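Coordinate analysis (summary)
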Amino acid sequence: MEDKLIIVNEQDIQTGSAGKMETHEKALLHRAFSIFIFRKIPVDYPDGSRSFHDQLLIQKRAAGKYHSAGLWANSCCSHPRDGESLEEAVSRRLPDETGIDADALESGLEEKGAFIYRAEFENGLTEYEFDHVFVGRLPSGYTGEDILDPNPDEAEEMIFADVDMVMHDVLLNPAKYAAWFMPALLIATD
């Protein structure tokens, strides 16, 4: 059975529900979320000093995705189901996509903001989302790789990448990234 997505107005108030494909075929504004998982890694310098640097878990979307297949995106992204809260949805989807349980994060997941975007795809589908941006941080001692278990139906690859390098690459090579990635990343890193 196809998931029913939450159709909203521009104030994120639910106005109805519709099947996933209908929502994207008719370009209906719907509730969505993007999750960004960060970790700090130590950087040792020749003078013996050490600093810590932020990295972000990004995923290359699976080839079988109905849109944006093969593009790089944030750690996890999805939609809450009709009748499901955002908190329930992010707690359900994060381990489904990445293998990371929200309870394993330092302070859980924090909502940093939201934005609306619209992207039309060559296959006739349209993403028109009221996208809520959540951020989580792996606790010290976790490399991330030791708990990652990517769902191959969602992501063909997941890597931790330097945040500044990712931002730079998105500007140089925007076609490699999902349409929502950069605006969501700017909220996540603000």
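Okay, so let's go over this structure. As the structure is a prediction and not an experimental result, all values here were calculated from the model. (Residues numbered from 1 in each chain as written. Predicted model: local features only at pLDDT ≥ 70, side-chain atom pairs only at ≥ 80, totals over all residues. Heavy atoms only, no water.)

1. Some details on helix α3 (residues 163–172)
Helical periodicity: at 3.6 residues per turn, an α-helix aligns residues three or four positions apart in one direction. Those residues of α3 that fall on the buried side of the exposure criterion are V163, V166, M167, D169 and V170. Viewed along the axis of α3, the buried residues span an arc of 165°, placing them on a single side of the element. Facing away from the buried side of α3, by more than 90 degrees, are the exposed residues D164, M165, L171 and L172. Packed against the buried residues of α3 are β3 (30–44), β4 (50–61), β9 (155–162) and α4 (181–188). Of the residues that open α3, the one with a side-chain oxygen 3.1 Å from the backbone nitrogen of D164 is D162. (Buried < 20%, exposed > 50% of the residue type's maximum accessible area, 1.4 Å probe, protein only. Helix = DSSP H or I, 4+ residues; strand = E, 2+ residues; numbered from the N terminus. Arc of directions from axis to C-beta. Contact = heavy atoms within 4.5 Å. Polar contact = N/O pair within 3.5 Å; in protein donor to acceptor, adjacent residues only side chain to side chain.)

2. Here's the deal with the packing of aromatic side chains
Summed over the entire model, instances satisfying the criterion amount to four aromatic pairs. Their ring planes at 40° and their centres at 6.2 Å tell us that Y117 and W180 sit as a pair that is tilted. Separated by 63 residues along the polypeptide, Y117 in strand β7 (residues 110–120) and W180 in the loop between α3 and α4 bring together distant segments of the chain. Taken individually, Y117 and W180 each receive the classification buried, so the pair is uniform in this respect. Connected via pairs of aromatic rings, a cluster forms that spans F36, Y177 and F181. Against the face of F160 rests R39, its NZ or CZ located 4.0 Å from the ring centre. Over the face of the ring belonging to Y128 we find R118, whose NZ or CZ atom lies 5.2 Å from the ring centre. (Phe/Tyr/Trp six-rings, centres within 6.5 Å; stacked < 30°, edge-to-face > 60°. Lys NZ or Arg CZ within 6 Å of the ring centre and 35° of its normal.)

3. Here we look at helix α2 (residues 86–98)
Helix length check: α2, at 13 residues, gives a terminal C-alpha distance of 18 Å against a target of 18 Å (1.5 Å per residue), a fit within 8%. Taken residue by residue, α2 has L86, A89, V90, R92, R93, L94, E97 and T98 as its buried positions. Looking at the buried positions of α2, the neighbouring elements they touch are β3, β4, β6 (76–78), β7, β8 (126–137) and β9. Count one or two residues on from α2 and you reach G99, which has phi positive near 85°. (Expected span 1.5 Å × (residues − 1).)

4. A short note on the pattern of salt bridges
Enumeration according to the criterion identifies 14 salt bridges in this entry. Between E154 and K65 there is a salt bridge; the shortest N-O distance is 2.5 Å. With E154 in the loop between β8 and β9 and K65 in the loop between β4 and β5 (72–73), the pair connects residues that are 89 residues apart, well separated along the chain. Notably, a salt bridge pairs R93 with E154, separated by 3.1 Å at the nearest N-O pair. With R93 in helix α2 and E154 in the loop between β8 and β9, the pair connects residues that are 61 residues apart, well separated along the chain. An identical accessibility class is assigned to R93 and E154; each is buried. (Salt bridge = Lys/Arg side-chain N within 4 Å of Asp/Glu carboxyl O.)

5. Brief notes about the nonpolar core
F36, L56, V166, F181 and L185 are the most contacted members of the largest nonpolar core, which totals 28 residues. Residue assignment for this core shows that the elements contributing at least two residues are β3, β4, β5, β7, β8, α3 and α4. With six residues, α4 is the single largest residue contributor to this core. In contact with V166, not counting residues within four places along its chain, are I58, A161, Y177, F181 and L185. The next biggest cluster of nonpolar side chains, apart from the first, holds 19 residues, and it includes I37, L57, A102 and L138. (Core = buried A, V, L, I, M, F, W, Y, C linked by side-chain atoms within 4.5 Å.)

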